[in-house]
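As a plain string of letters, each chain reads:
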Amino acid sequence: KEFINRPPLSAASVDALYKTDKDFLDATIGVYQGLRVQYQHMWQFGDIRGDDGFVQVTNQPSTTAVDLFSINSADALLNSTWSNYYVVISRANILLAKIADADPTIVKNKDLYIGEAKFLRALAYFDLVRIFGNVPLITKVLTLEEIQKTGRTPVATVYNEVIIKDLIDAASMLPVAFTGSAIGRATKGAAKAILGKVYMTTKDFPKAEIELKELTAAPYKYNLLANFNDLFDFSKDEHHSEYIFDIEHEENLGGQGSVFTNFFMPNVAALLNYYGIKGGFNESLATTTGFRSIWSLTDKRKNVTFTCCGEWTNPTTGAVVKFNSTTSQSFTSKYLTSVPAAGDSKANWKVTRYADVLLMLAEALNENGKTALALVEINKVRLRAGMAVYAGLTKEQMRDNVALERRLELTFEGHRWFDLVRTGKALEACAAVGMKDYMSIFPVPLSQVNVMNDATLFPQNTGYN
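Residues numbered from 1 in each chain as written. Predicted model: local features only at pLDDT ≥ 70, side-chain atom pairs only at ≥ 80, totals over all residues. Heavy atoms only, no water.

Some words on the packing of aromatic side chains
As enumerated under the stated definition, the model contains 28 aromatic pairs in all. Taking the centre distance of 6.2 Å and the plane angle of 85 degrees together, the rings of Y86 and Y125 count as edge-to-face. Placement of Y86 in helix α5 (residues 76–99) and of Y125 in helix α6 (residues 110–132) is noted, with a sequence separation of 39 residues between them. Residue Y86 is classed as buried on the basis of its relative accessible area, which comes to 14%. For Y125, a relative accessible area of 0% puts it in the buried group. With 4.9 Å between their ring centres and 80 degrees between their planes, Y274 and Y275 make a pair best called edge-to-face. The class of Y274 is partly exposed, set by a relative accessible area of 32%. The exposure class of Y275 is partly exposed, given its relative accessible area of 24%. (Phe/Tyr/Trp six-rings, centres within 6.5 Å; stacked < 30°, edge-to-face > 60°. Helix = DSSP H or I, 4+ residues; strand = E, 2+ residues; numbered from the N terminus. Buried < 20%, exposed > 50% of the residue type's maximum accessible area, 1.4 Å probe, protein only.)

With respect to the state of the cysteines
Within the structure shown, the criterion is met by one disulfide. Here C308 connects covalently by a disulfide to C309, the sulfurs 1.3 Å from one another. Residue class for C308 comes out partly exposed when judged on its relative accessible area of 29%. Under the relative-accessibility criterion, C309 is labelled partly exposed at 41%. Note on C430: no disulfide assigned, nearest cysteine sulfur contributed by C308 at a separation of 19 Å. (Disulfide = S-S within 2.5 Å.)

Notes on the side chain of S73
Mapped onto the fold, S73 is located in the loop between α4 (61–67) and α5. Residues within four places of S73 in sequence aside, it is in contact with L78, P443, V444, P445, L446 and Q460. (Contact = heavy atoms within 4.5 Å.)

Description of the pattern of salt bridges
Under the definition given, this model contains 37 salt bridges. A salt bridge links D51 to R407, with the shortest nitrogen-to-oxygen separation between them at 3.4 Å. One end of the pair, D51, is in the loop between α3 (42–48) and β1 (53–54); the other, R407, is in helix α17 (residues 395–410), and 356 residues separate them in sequence. By relative accessible area, D51 is classed as buried at 15%. According to the relative accessible area criterion, R407 is buried, its value standing at 15%. As a salt-bridge pair, K425 and E428 come within 3.9 Å of each other at their nearest N and O atoms. (Salt bridge = Lys/Arg side-chain N within 4 Å of Asp/Glu carboxyl O.)

Observations concerning the packing of helix α16 (residues 371–384) against α17
Look at α16 against α17: their axes get within 11 Å of each other, and the N-to-C directions meet at 25 degrees. With respect to α17, the element α16 is oriented roughly parallel. Of the two elements, α16 crosses α17, and the hand of that crossing is left-handed. Between α16 and α17, the residues in contact are T371, A374, L375, I378, V381, R382 and R384 and K395, M398, N401, V402, E405 and E409, respectively. Residues belonging to the contact of α16 with α17 are distributed by class as follows: six nonpolar, two polar and five charged. (Axes fitted to C-alpha atoms, helices over the stretch in contact; angles between N-to-C directions. Parallel < 35°, antiparallel > 145°, perpendicular 65-115°, else oblique. Left-handed = near helix turned anticlockwise from the far one by under 90°. Nonpolar A, V, L, I, M, F, W, Y, C, P; charged D, E, K, R; others polar.)

Side note on the side chain of T411
With respect to the helices, strands and loops of the structure, T411 is situated in the loop between α17 and α18 (416–422). Assessed through its relative accessible area of 2%, T411 is described here as buried. Contact partners of T411, with chain neighbours within four places excluded, come to D47, D52, F291, T305, K334 and R406.

Considerations on α16
Working note: α-helix, 3.6 residues per turn, so residues spaced by three or four point in the same direction. The end-to-end C-alpha separation of α16 is 20 Å, in line with the 20 Å expected for 14 residues at 1.5 Å each. The largest bend in α16 is about 30 degrees, located at I378. Burial in α16 covers these residues: T371, A374, L375, E377, I378, N379, V381, R382 and R384. For α16, the elements touching its buried residues are α10 (205–214), β8 (349–353), α15 (354–367) and α17. G386 sits one or two positions beyond α16 and adopts a positive phi of about 75 degrees. (Expected span 1.5 Å × (residues − 1). Bend = angle between axes of the 7 residues up to and from the residue.)

A closer look at the pairing of β8
Of all five residues in β8, five are buried, a share of seventy percent or more. Where strand β2 (residues 243–247) lies against β8, four bridges are found, and the strand directions are antiparallel. Its bridge partner being in β8, F245 is matched across the sheet by T352. (Pairing = 2+ DSSP bridges.)

Focus: α10
Of all the positions in α10, only F205, A208, E209, E211 and L212 are classed as buried. Those residues of α10 hidden inside the fold are in contact with α9 (188–201) and α15.

Here's the deal with the packing of α10 against α15
In the contact formed by α10 and α15, the axes pass within 9 Å of each other and the chain directions differ by 140 degrees. The handedness of the crossing between α10 and α15 is left-handed. For the pair α10 and α15, contact is made by F205, A208, E209, L212 and K213 and by V357, M360, L361, A364, L365 and E367, respectively. Classifying every residue of the contact of α10 with α15 gives eight nonpolar, no polar and three charged.

A short note on unusual backbone geometry
For the bond from A218 to P219, the omega torsion is 10 degrees, close enough to zero to count as cis. Cis geometry marks the peptide bond from C308 to C309, where omega comes out at -5 degrees. Tracing the backbone through its elements, the reader meets C309 in the loop between β4 (307–308) and β5 (311–313). In this structure, K203 is a non-glycine residue whose phi angle is positive, near 65 degrees. Structurally, the position occupied by K203 is in the loop between α9 and α10. You can call K203 partly exposed: its relative accessible area is 48%. In the Ramachandran plot, N252 falls in the positive-phi region, its phi being about 60 degrees despite a non-glycine side chain. The residue N252 is located in the loop between β2 and α11 (260–264) in this model.

Structure, rendered in structure tokens:
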């Protein structure tokens, strides 16, 4: 009996994987890996859906459908997005269940791993509710029978019972900073920055002000880089004073690179050759006329944010290269770096950085009736961009200028669509390209609706039936 019931040598059981501190570290890194997979698509939700970017080349069905508000529940992008986030949540739930009874004398970093798992689970749920609205709330390992009885939970409950609680717990357990090879993992500052964004989204501006203001003082050492362009110079370390939390990528590490450089490049051989971009182009992100019209020629952020229209100037020779008329006529340089092979860019995805925090803080202060203090924070970002500072603004003027500044500062970093939705401006900005009033969230994947097969427990979002 013992002979025939031996565990298979080719695979390890789940229980055998959770014994040592190293086992739990590996499991924690596995949760991060799930986000790396999903965040390859965040630009489609955060940027293409908004009013700053669009798909100029129409051989990309899912991205075009996101852009034109015509995406349907059977689209593969929605199914993979739902699945990717629940992979992250499942891995975090398993880790939290297994570590609960772990001996802290053996698992010496027990609290750290709990904090990271809760941070990552909270971030996954935050994205899910912003994309899909009500979602199944799963915080433990469920049996198949339990899963079949788990319906969609109201957004407010997901925020209150998981997202906010997890981020508060994470902030109490995570370190202010990591060193060495651990740099890039979630910190106390990352948890507070995302918690601040959560409070901004739920319009709890007093709590948002508290969390975000903490990040401007000791023990945190965040600061804006002197040169905006250095944020996107990938010959330099991406973990600088403005860095708070990225989805980490690196080239030549067996599939750990990002797709962004290839995805956003137009079909211009001279451009690809100059920067050493192997693996081609996807022509997936062009800039809208409305977006280009808001820029001042003296704004130092402009040239990195986008190049337009229909030509590129070689920085070395000064030669002007004309674009083929069938490719995207503009592109962003925020992810422009050499790429050794397709989808193997070292460009990280910036989930949040210090400028994002300062602009959220300015918005929170203004909503809390502290417009004069809000001016201080927004002007830090303005000065770095070489722009004239604001003065003497009313509360309404400040509200509009913060929205504008976020648009200029954070374009193509996944923020614009979610900013439009949380401030109630999405329909006004996007009605002309097909948005209806119910489209502030996406349809739930048809595969999920079908497998549950119970409209009372698991309904489709309104308008998408």
